[in-house]
Amino acid sequence: MRLFAAVIPPGPAIDELAAEVAQLRAALPDRHGRLRWTEPAMWHFTLAFLGEVEETLLPELGERLARAAHRHPAHELRFAGGGRFGDRILWVGATGSLETLGGLARSTAAGARRAGVRMDDARPFRPHLTLARATGHVNLRPYAEELAEFRGRRWPVERLELVRSRLPASGVPGERPRYETVAAWPLGTRRAQ
(Lines give C-alpha, C1' and ligand atoms only; values in the text may rest on other atoms or scores of the structure.)
Protein backbone atom coordinates (compact mmCIF):
# COMPACT_ATOMS: atom_id res chain seq x y z
CA MET A 1 0.00 0.00 0.00
CA ARG A 2 1.13 3.55 -0.73
CA LEU A 3 1.81 5.33 2.58
CA PHE A 4 3.11 8.54 4.08
CA ALA A 5 3.53 9.84 7.63
CA ALA A 6 1.97 13.21 8.31
CA VAL A 7 0.73 15.88 10.65
CA ILE A 8 -2.85 16.85 9.86
CA PRO A 9 -3.96 20.30 11.03
CA PRO A 10 -7.16 20.58 13.09
CA GLY A 11 -10.44 21.77 11.61
CA PRO A 12 -10.34 25.42 12.77
CA ALA A 13 -6.86 25.92 11.26
CA ILE A 14 -7.99 24.25 8.02
CA ASP A 15 -11.08 26.49 7.89
CA GLU A 16 -8.97 29.61 8.40
CA LEU A 17 -6.55 28.59 5.64
CA ALA A 18 -9.45 27.65 3.33
CA ALA A 19 -10.86 31.18 3.75
CA GLU A 20 -7.45 32.64 2.87
CA VAL A 21 -7.20 30.41 -0.21
CA ALA A 22 -10.70 31.44 -1.31
CA GLN A 23 -9.63 35.09 -1.14
CA LEU A 24 -6.44 34.28 -3.05
CA ARG A 25 -8.38 32.51 -5.79
CA ALA A 26 -10.82 35.42 -6.06
CA ALA A 27 -7.97 37.95 -6.27
CA LEU A 28 -6.01 35.93 -8.84
CA PRO A 29 -8.46 33.88 -10.92
CA ASP A 30 -7.00 31.02 -12.95
CA ARG A 31 -8.57 31.97 -16.28
CA HIS A 32 -7.08 29.02 -18.16
CA GLY A 33 -7.84 26.33 -15.56
CA ARG A 34 -4.22 25.28 -15.21
CA LEU A 35 -4.17 25.12 -11.42
CA ARG A 36 -5.41 22.00 -9.64
CA TRP A 37 -6.26 23.17 -6.14
CA THR A 38 -5.99 20.61 -3.37
CA GLU A 39 -9.05 19.95 -1.25
CA PRO A 40 -8.94 21.11 2.39
CA ALA A 41 -9.89 17.59 3.51
CA MET A 42 -6.56 16.40 2.08
CA TRP A 43 -4.33 19.10 3.59
CA HIS A 44 -1.39 17.82 5.62
CA PHE A 45 2.31 18.26 6.31
CA THR A 46 4.16 15.21 4.98
CA LEU A 47 6.85 14.14 7.44
CA ALA A 48 8.04 11.16 5.41
CA PHE A 49 6.83 9.72 2.12
CA LEU A 50 7.11 5.94 2.44
CA GLY A 51 5.88 4.91 -1.01
CA GLU A 52 4.69 1.37 -1.61
CA VAL A 53 4.94 -0.62 1.63
CA GLU A 54 4.31 -4.34 1.99
CA GLU A 55 1.53 -5.11 4.47
CA THR A 56 3.86 -7.54 6.24
CA LEU A 57 5.93 -4.51 7.37
CA LEU A 58 2.98 -2.74 9.02
CA PRO A 59 3.34 -4.21 12.54
CA GLU A 60 7.04 -3.27 12.77
CA LEU A 61 6.40 0.08 11.08
CA GLY A 62 3.65 0.83 13.60
CA GLU A 63 5.99 0.03 16.51
CA ARG A 64 8.72 2.26 15.09
CA LEU A 65 6.36 5.16 14.42
CA ALA A 66 4.87 4.85 17.92
CA ARG A 67 8.41 5.20 19.32
CA ALA A 68 9.05 8.22 17.11
CA ALA A 69 5.85 9.87 18.34
CA HIS A 70 6.76 9.08 21.95
CA ARG A 71 10.14 10.83 21.62
CA HIS A 72 8.68 14.20 20.59
CA PRO A 73 6.37 16.42 22.62
CA ALA A 74 3.16 17.98 21.45
CA HIS A 75 3.92 21.44 20.10
CA GLU A 76 2.38 24.37 18.25
CA LEU A 77 2.48 25.52 14.66
CA ARG A 78 0.73 28.13 12.62
CA PHE A 79 0.36 28.54 8.89
CA ALA A 80 2.66 31.32 7.75
CA GLY A 81 3.67 32.70 4.40
CA GLY A 82 3.69 30.94 1.12
CA GLY A 83 5.98 29.93 -1.65
CA ARG A 84 6.39 27.88 -4.75
CA PHE A 85 8.51 25.11 -6.11
CA GLY A 86 9.27 26.58 -9.51
CA ASP A 87 6.05 27.09 -11.37
CA ARG A 88 4.73 23.65 -10.49
CA ILE A 89 3.60 23.74 -6.84
CA LEU A 90 2.11 26.49 -4.68
CA TRP A 91 2.38 25.97 -0.93
CA VAL A 92 1.78 27.55 2.46
CA GLY A 93 4.50 27.32 5.07
CA ALA A 94 4.56 27.14 8.83
CA THR A 95 6.11 28.83 11.81
CA GLY A 96 6.27 27.83 15.45
CA SER A 97 8.04 24.77 16.84
CA LEU A 98 9.75 23.88 13.57
CA GLU A 99 12.72 22.26 15.31
CA THR A 100 10.40 19.84 17.07
CA LEU A 101 8.52 19.17 13.83
CA GLY A 102 11.80 18.59 12.00
CA GLY A 103 12.94 16.19 14.72
CA LEU A 104 9.67 14.30 14.41
CA ALA A 105 10.16 14.08 10.64
CA ARG A 106 13.70 12.72 11.05
CA SER A 107 12.61 10.17 13.68
CA THR A 108 9.70 9.10 11.51
CA ALA A 109 11.91 8.53 8.47
CA ALA A 110 14.53 6.69 10.55
CA GLY A 111 11.87 4.48 12.13
CA ALA A 112 10.43 3.62 8.73
CA ARG A 113 13.87 2.69 7.39
CA ARG A 114 14.53 0.50 10.46
CA ALA A 115 11.21 -1.23 9.83
CA GLY A 116 12.43 -2.17 6.36
CA VAL A 117 10.79 0.55 4.26
CA ARG A 118 12.98 1.63 1.35
CA MET A 119 12.92 5.39 1.20
CA ASP A 120 14.42 8.07 -0.99
CA ASP A 121 16.70 10.15 1.24
CA ALA A 122 17.45 12.75 -1.42
CA ARG A 123 15.20 15.53 -0.11
CA PRO A 124 15.60 17.22 3.27
CA PHE A 125 12.43 17.92 5.26
CA ARG A 126 10.92 21.30 4.42
CA PRO A 127 7.59 21.93 6.15
CA HIS A 128 4.98 22.97 3.62
CA LEU A 129 1.38 22.20 2.76
CA THR A 130 0.61 21.94 -0.97
CA LEU A 131 -2.24 24.21 -2.02
CA ALA A 132 -2.14 23.81 -5.80
CA ARG A 133 -0.31 22.06 -8.62
CA ALA A 134 0.11 23.62 -12.04
CA THR A 135 -0.50 21.82 -15.30
CA GLY A 136 1.27 23.62 -18.10
CA HIS A 137 2.92 26.99 -17.61
CA VAL A 138 1.53 29.09 -14.77
CA ASN A 139 3.37 31.98 -13.14
CA LEU A 140 2.96 31.10 -9.46
CA ARG A 141 4.94 34.11 -8.21
CA PRO A 142 1.88 36.40 -7.77
CA TYR A 143 0.11 33.67 -5.76
CA ALA A 144 3.14 33.17 -3.50
CA GLU A 145 3.48 36.93 -3.05
CA GLU A 146 -0.18 37.18 -1.99
CA LEU A 147 0.44 34.49 0.64
CA ALA A 148 3.67 36.04 1.92
CA GLU A 149 2.04 38.01 4.76
CA PHE A 150 -0.50 35.37 5.78
CA ARG A 151 -0.28 34.29 9.43
CA GLY A 152 -2.84 31.85 10.75
CA ARG A 153 -3.82 31.09 14.32
CA ARG A 154 -1.70 28.77 16.45
CA TRP A 155 -2.75 25.15 16.49
CA PRO A 156 -1.55 22.12 18.42
CA VAL A 157 0.40 19.31 16.82
CA GLU A 158 -0.63 16.39 19.01
CA ARG A 159 -0.24 13.27 16.91
CA LEU A 160 1.62 11.52 14.15
CA GLU A 161 -0.53 9.86 11.49
CA LEU A 162 0.20 7.06 9.06
CA VAL A 163 -1.87 7.76 5.95
CA ARG A 164 -2.72 5.56 3.01
CA SER A 165 -2.96 7.20 -0.39
CA ARG A 166 -5.32 5.47 -2.81
CA LEU A 167 -4.50 6.60 -6.31
CA PRO A 168 -7.39 7.06 -8.75
CA ALA A 169 -8.13 3.96 -10.77
CA SER A 170 -10.75 5.38 -13.10
CA GLY A 171 -8.38 7.17 -15.44
CA VAL A 172 -10.61 10.26 -15.36
CA PRO A 173 -8.43 13.38 -15.81
CA GLY A 174 -8.27 15.52 -12.69
CA GLU A 175 -9.43 12.77 -10.34
CA ARG A 176 -7.56 13.02 -7.06
CA PRO A 177 -6.18 10.38 -4.72
CA ARG A 178 -8.10 9.55 -1.54
CA TYR A 179 -6.37 9.61 1.84
CA GLU A 180 -7.27 7.51 4.85
CA THR A 181 -5.54 7.36 8.22
CA VAL A 182 -4.28 3.84 8.91
CA ALA A 183 -2.99 4.54 12.45
CA ALA A 184 -2.15 7.50 14.67
CA TRP A 185 -0.01 7.99 17.76
CA PRO A 186 -0.18 10.86 20.24
CA LEU A 187 3.04 12.75 20.67
CA GLY A 188 4.90 12.26 23.93
CA THR A 189 3.12 9.00 24.88
CA ARG A 190 3.19 5.36 23.78
CA ARG A 191 -0.52 4.64 23.26
CA ALA A 192 -1.88 4.26 19.72
CA GLN A 193 -5.22 5.85 18.82
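About the cut-offs
- Residues numbered from 1 in each chain as written.
- Predicted model: local features only at pLDDT ≥ 70, side-chain atom pairs only at ≥ 80, totals over all residues.
- Heavy atoms only, no water.
- Helix = DSSP H or I, 4+ residues; strand = E, 2+ residues; numbered from the N terminus.
- Expected span 1.5 Å × (residues − 1).
- Buried < 20%, exposed > 50% of the residue type's maximum accessible area, 1.4 Å probe, protein only.
- Arc of directions from axis to C-beta.
- Contact = heavy atoms within 4.5 Å.
- Pairing = 2+ DSSP bridges.
- Axes fitted to C-alpha atoms, helices over the stretch in contact; angles between N-to-C directions.
- 1 Å grid on protein atoms, 1.4 Å probe; cavity = no way out; pocket = protein on both sides within 12 Å on 5 of 7 lines; lining within 4 Å.
- Points joined across faces, edges and corners; volume = space filled by probe spheres on them.
- Nonpolar A, V, L, I, M, F, W, Y, C, P; charged D, E, K, R; others polar.

**A look at helix α1 (residues 11-27)**
An ideal rise of 1.5 Å per residue puts 24 Å on 17 residues; α1 measures up with 24 Å between its terminal C-alpha atoms. Those residues of α1 lying buried are A13, I14, L17, E20, V21 and L24. Looking down the long axis of α1, one finds its buried residues gathered within 125° of arc, a one-sided arrangement. Exposed side of α1, more than 90 degrees from the buried face: D15, Q23 and A26 are the residues found there. Turning to α1, the residues buried within the fold contact β2 (35-37), β4 (75-85), β5 (89-96), β6 (129-134), α4 (141-147) and β7 (155-157).

**Quick word on the sheet that holds strand β3 (residues 45-52)**
Spatially, β3-β1-β8-β9 is the arrangement adopted by the 4 strands of the open sheet, whose pairing is antiparallel. A single partner strand is all that each edge strand has here, and the edge strands are β3 and β9 (178-186). Taking the axes of each pair of neighbouring strands and ignoring which way they run, one obtains an average angle of 20° across the sheet. Sitting on the sheet, helix α3 (residues 98-114) touches β1 (2-7), β3 and β8 (159-166), and the angle it makes with β3 is about 15°.

**Some thoughts on the side chain of T130**
Assignment of secondary structure puts T130 in strand β6. With residues near it in sequence (within four places) discarded, T130 still touches T38, W43, I89, L90 and W91.

**A short note on the layout of surface pockets**
Size it by volume and the largest pocket reaches roughly 1,400 Å³. T46, A48, F49, R123 and H128 are the residues nearest the centre of the largest pocket, which is lined by 40 residues in total. Of the residues forming the lining of the largest pocket, the biggest block, 7 residues, is contributed by β3. Looking at the lining of the largest pocket residue by residue, the class counts come to 20 nonpolar, 7 polar and 13 charged. In this structure, the second largest pocket encloses a volume near 170 Å³. Among the residues forming the lining of the second largest pocket, the class breakdown is 4 nonpolar, 2 polar and 3 charged.

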